[in-house]
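Structural overview
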Amino acid sequence: MSTPDSPKGVIVPIITPFTSTGAIDWPSYEQVLEHVIEGGVDAIFVLGTTGEGTSLGNEEKRALVKFTCEKAAKRCQIYVGVMDNSLIESIRLTEFSAACGADATVIVPSPYFPAGVKEQIAFFREFVDASKLPVILYNIPQMTKTALAPEVFDALLDDPRIIGLKDSSGNMVYFRRLQHIARRRRGFAMLIGSEELLAESVLLGAAGGVTGGANVFPELLRDLYRAAVNRDFNVIESLQNRLMNVSCKLYSYGNGGYIIAGIKAMLKAKGLCESNVLRPLLPADAGLAKIARELLEQ
């Protein structure tokens, strides 16, 4: 198993552009890929929630991983989401990703059957034992309906094959509790999934964030991360205000799926891709598209 640099900085959960028929729009994906790499992100997280990874078929997932690794060409790290109801499929996708040159794999608690502490520990241990790549744990209970219990994290933390944890719960008390547990392992990467909390989390010791907004504004998130590392509070305040302006107007529109629709609407306004999404999501309506255009003009 390879050992990548510890995850840190701005990690973009890259979107997946689609044609009007639901096929992957490869030219547009390459444009977005180059946009975020040139914008200074530290890693690309392919097949994440923002990338609608769970809505893709197995062949499409593999094609996307292969394309991403080839086009990124080691300019940044590549992490692959293997979030499947089938543990076997998650392991197979990890094996494929390792062969393609990915740096790490990202896995959530089993998202269908309710799992307690014992079940979660057994699930993750079996996956880690079989994984050909270092593992990043991912807590996103609003999607999986199962939270990664702190007791599970405590039991798994000392396994060197697990190199980080991304928390997208938005619960800073929970995040701080896991940070406290992680103190006993030097170099373990705690990553925040709520970009509005990026600066705060880094100031409190987080390694970085997995930020959907970096699809559109990679430089903004990069500069905010660096300002937090340098404890430059004047810059943090300025950049945080810009970020919150986007967040409050765009991400609060409609239900959770509109976060993805809003990001794609902004990318469309930038000329990088169309705003098509896969069902059950719906693309940006006229109101959201208008907000996206106005935000880009500011």
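Everything below is about the structure printed above this text.
Anyway, here's the lowdown on the structure attached to this text. (Residues numbered from 1 in each chain as written. Predicted model: local features only at pLDDT ≥ 70, side-chain atom pairs only at ≥ 80, totals over all residues. Heavy atoms only, no water.)

Some remarks on the packing of aromatic side chains
With the rule as written, the count across this model stands at 7 aromatic pairs. Measuring from ring centre to ring centre gives 4.8 Å for Trp26 and Phe67, while their planes differ by 45°; the resulting arrangement is tilted. Here Trp26, found in helix H1 (residues 26–38), pairs with Phe67, found in helix H2 (residues 58–72); they are 41 residues apart in sequence, far enough to count as distant. Look at Trp26 and you get partly exposed, because its relative accessible area is 28%. Phe67 gets classed as buried once you look at its relative accessible area, which sits at 15%. An aromatic cluster is defined as three or more aromatic residues linked by ring pairs; in this entry it consists of Trp26, Tyr29 and Phe67. (Phe/Tyr/Trp six-rings, centres within 6.5 Å; stacked < 30°, edge-to-face > 60°. Helix = DSSP H or I, 4+ residues; strand = E, 2+ residues; numbered from the N terminus. Buried < 20%, exposed > 50% of the residue type's maximum accessible area, 1.4 Å probe, protein only.)

A few points about empty space enclosed by the protein
Tallied over the entire structure, the rule returns 3 cavities of 30 Å³ or more. Taken as a whole, the largest cavity spans an internal volume of roughly 50 Å³. Forming the walls of the largest cavity are Asn58, Lys61, Arg62, Val82, Met83, Asp84, Glu89, Ser90 and Leu93. Of all the secondary-structure elements, those providing two or more residues to the lining of the largest cavity are H2 and helix H3 (87–100). A per-class count over the lining of the largest cavity returns 3 nonpolar, 2 polar and 4 charged. (1 Å grid on protein atoms, 1.4 Å probe; cavity = no way out; pocket = protein on both sides within 12 Å on 5 of 7 lines; lining within 4 Å. Points joined across faces, edges and corners; volume = space filled by probe spheres on them. Nonpolar A, V, L, I, M, F, W, Y, C, P; charged D, E, K, R; others polar.)

Here's the deal with the pattern of salt bridges
Scanning the model with the defined rule gives 13 salt bridges in all. In this structure, the salt-bridge partner of Glu30 is Lys71, at a minimum N-O distance of 3.7 Å. Of this pair, Glu30 sits in helix H1 while Lys71 sits in helix H2, placing them 41 residues apart in sequence. Each of the salt bridges in this network shares a partner with another, and the network as a whole consists of Asp129, Asp159 and Arg161. (Salt bridge = Lys/Arg side-chain N within 4 Å of Asp/Glu carboxyl O.)

Some remarks on helix H10 (residues 233–251)
Relative to the 27 Å expected for 19 residues at 1.5 Å per residue, H10 spans 25 Å between its end C-alpha atoms, a close match to the ideal helical length. Listed as buried for H10 are Ile236, Leu239, Gln240, Leu243, Val246, Ser247, Leu250 and Tyr251. Seen from one end, H10 has its buried residues packed into an arc of 125°, which puts them on one side. In this structure, H10 carries Asn234, Glu237 and Asn241 as exposed residues pointing more than 90 degrees from its buried face. (Expected span 1.5 Å × (residues − 1). Arc of directions from axis to C-beta.)

On their own, these measurements won't tell you what the molecule is for.
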